[in-house]
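This is what each chain is made of:
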Amino acid sequence: MWKDLNTQFNVIKALTIHNLQGQMSGYKYGFAWLILEPLFFLAGFRLMRKFLGGLASPPGMTPLMFYVLGVFPIFMALNGLKSYSIPVARSKLLGFPRVTPFDLVIATNLSTFAIYFVLFWLMVLPISIYENVWPPQDLMQIMLSLIMAWIMGWSLGLVISAAFRPFPPLKQFIGYANFGLRMSSGMFFCITMLPLNVWPYFTWNPLFQITEVVRDAWYEGYVSPIASPTYVVECTLLLLFLGLSVERHVRRFPKI
Amino acid sequence: MIELRNVSVRTRGTINPVFLKNINLRVEAGDRIGILGPKDGGLPLILDVICGANAPLSGSVNRTGRISWPIPGGAFFHKHQSYVANARFVARLYEVDQHTYISRVLEMAEVGDLADLPVSRCPRAVTSRFAFALGACLSFETYVITNTNIGGKTDREKYQDILEELASRSGLLIVSSSAKTAEPFCHKAYVLDPAGSVYYDDMEAAAEHLARVSKRGDASSDQAEAEEEEQLVDDFF
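Residues numbered from 1 in each chain as written. Chains lettered and ligands numbered in written order. Predicted model: local features only at pLDDT ≥ 70, side-chain atom pairs only at ≥ 80, totals over all residues. Heavy atoms only, no water.

1. As for the sheet that holds strand β2 (residues 19-27) of chain B
Residue and element names in this part refer to chain B. With respect to topology, three strands assemble into an open sheet ordered β2-β1-β4, the strand pairing being antiparallel. The open sheet has two edge strands, β2 and β4 (58-63), and neither has a second partner. Pairwise comparison of adjacent strand axes, ignoring direction, gives a mean angle of 20° for this sheet. One ladder, built from five bridges, connects strand β1 (residues 2-10) with β4; its direction is antiparallel. Its bridge partner being in β4, Leu4 is matched across the sheet by Val61. Relative to the sheet, helix α1 (residues 43-51) contacts β1, β2 and β4, its axis offset from that of β1 by approximately 135°. (Pairing = 2+ DSSP bridges. Helix = DSSP H or I, 4+ residues; strand = E, 2+ residues; numbered from the N terminus. Axes fitted to C-alpha atoms, helices over the stretch in contact; angles between N-to-C directions. Contact = heavy atoms within 4.5 Å.)

Following this line, the structure appears as structure tokens:
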């Protein structure tokens, strides 16, 4: 068993490196675009807030870090969501008998995690020092939340893959769902900015919970009234269990 | 060992779908065996099932032992990367010593000065030799071969000798639409027929069956084309 696990570990390692080497390979400046994508997002939100709601940052938080802590967990989760097509689609790498669709899912998401994790710290360090909010209050909670966001994303992707196989047009709807999740998961707002009567409609969303947990863990001056790390862990474990079960089921059927 | 029992496969979303049923195959370790089928007769589907890239519509697949990927397949190459980088990926995947493996591959493929150039900028013949060497330099119980014409015309003899040497120590499964490809290396073959797979322990008989199936396929595609043309004429008037 240990030998098999070691082999699978090495296969995933090889695929992750292969994936990282192929990222943005079609573009002239490769990885530069990966760094620019979240930067554009942050700049867009900053401009939007400037024109729509003034520059006042939410109570207890600094303006730039507020966005950074909102954008990265969501990016990690929603990139994982894209894995829905991997277990059901044909891949050139599946020609290797020792590569399974599950290895591809994990390798693709490990490379995404590696990129966003490095980017997160590359951005957070200078910004938090500039805004005088370094060091974070609870570093461990932040790291765990990022990992939970990542696992939650690809687990949800695996769950969706079951529906994608018999119904390929689902791809179109996932685009809308992705947009909805981006907008409702606290990228550019926190719970204290919302009226009390709408709180129940937002607190069920585990992604929103993650952004709340991350902000709560970073700032001393912000205590989220709804952040529940236990709820995040429970949702992640449930989605992981469902996702892995679905993947085992889906691999018995021919690919699209 | 590779065993397919009552397997059926089907293409999806194509204009002329292929449906194969009652495929029964058994390839023991050390066997030299061909799987022959007409062009567009579903060979890639069976290949996917054999290598585990896809599941069959029905039936069971049993694979044990080390089976290669379809050689000389290079669809997984990163074209913007060098031969060395692509070989390193395979070395990592199969947990072999990178330095020894890469030097063996480069030597067998006679890559020379092109080793560090992006694959997209190298001649096709070299890439074909390289793709073959990637598989041939690893140890498998069964080598799955899809093309025996490796490299350019001048390279053929050398690579046929290497194939013969591989077959002498391991099994060889040649999947092809041409009986001539399999004949020099295989003693027996399965022919994919619309009604199922037919086993032959005589390559000549297998080749005759393949010719019949291919003609039938050509005739039916000619007929389909003629019908389509007639339909177009009808629509026009």
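2. Details of unusual backbone geometry
The amide bond that connects Trp134(A) to the next residue, Pro135(A), takes the cis arrangement and shows omega of 0°. Position of Pro135(A) among the secondary structure elements: in the loop between α4 (101-130) and α5 (139-164). Each neighbour pair has its own omega, and for Ile71(B) with Pro72(B) the value is 5°, a cis peptide bond. The residue Pro72(B) is located in the loop between β4 and α2 (83-93) in this model.

3. Re the state of the cysteines
Residue and element names in this part refer to chain B. Evaluation of the coordinates by the stated rule reveals zero disulfides over all chains. Distance from the sulfur of Cys137, which forms no disulfide, to the nearest cysteine sulfur (Cys122) is 18 Å. Taking the relative accessible area as the measure of exposure, Cys137 reaches 7% and is therefore buried. (Disulfide = S-S within 2.5 Å. Buried < 20%, exposed > 50% of the residue type's maximum accessible area, 1.4 Å probe, protein only.)

4. Here's the deal with the packing of aromatic side chains
All names here are of chain A. Inspection of the entire model under this criterion finds 32 aromatic pairs over all chains. Aromatic pair Phe113 and Trp150: ring centres 5.1 Å apart, planes at 50°, arrangement tilted. In this pair, Phe113 sits in helix α4 while Trp150 sits in helix α5, placing the two residues 37 residues apart along the sequence. Taken together, Phe72, Phe75, Phe113, Tyr116, Phe117, Phe120, Trp121, Trp134, Trp150, Trp154 and Trp218 form an aromatic cluster joined through their ring pairs. Seen from the ring of Phe75, Arg182 lies directly overhead, with NZ or CZ sitting 5.3 Å from the centre. (Phe/Tyr/Trp six-rings, centres within 6.5 Å; stacked < 30°, edge-to-face > 60°. Lys NZ or Arg CZ within 6 Å of the ring centre and 35° of its normal.)

5. As for the side chain of Thr16(A)
Positionally, Thr16(A) belongs in helix α1 (residues 2-22). Leaving out residues up to four positions away in the same chain, Thr16(A) has contacts with Ala107(A), Leu110(A) and Ser111(A).

By themselves, these observations are geometric and do not establish any function.
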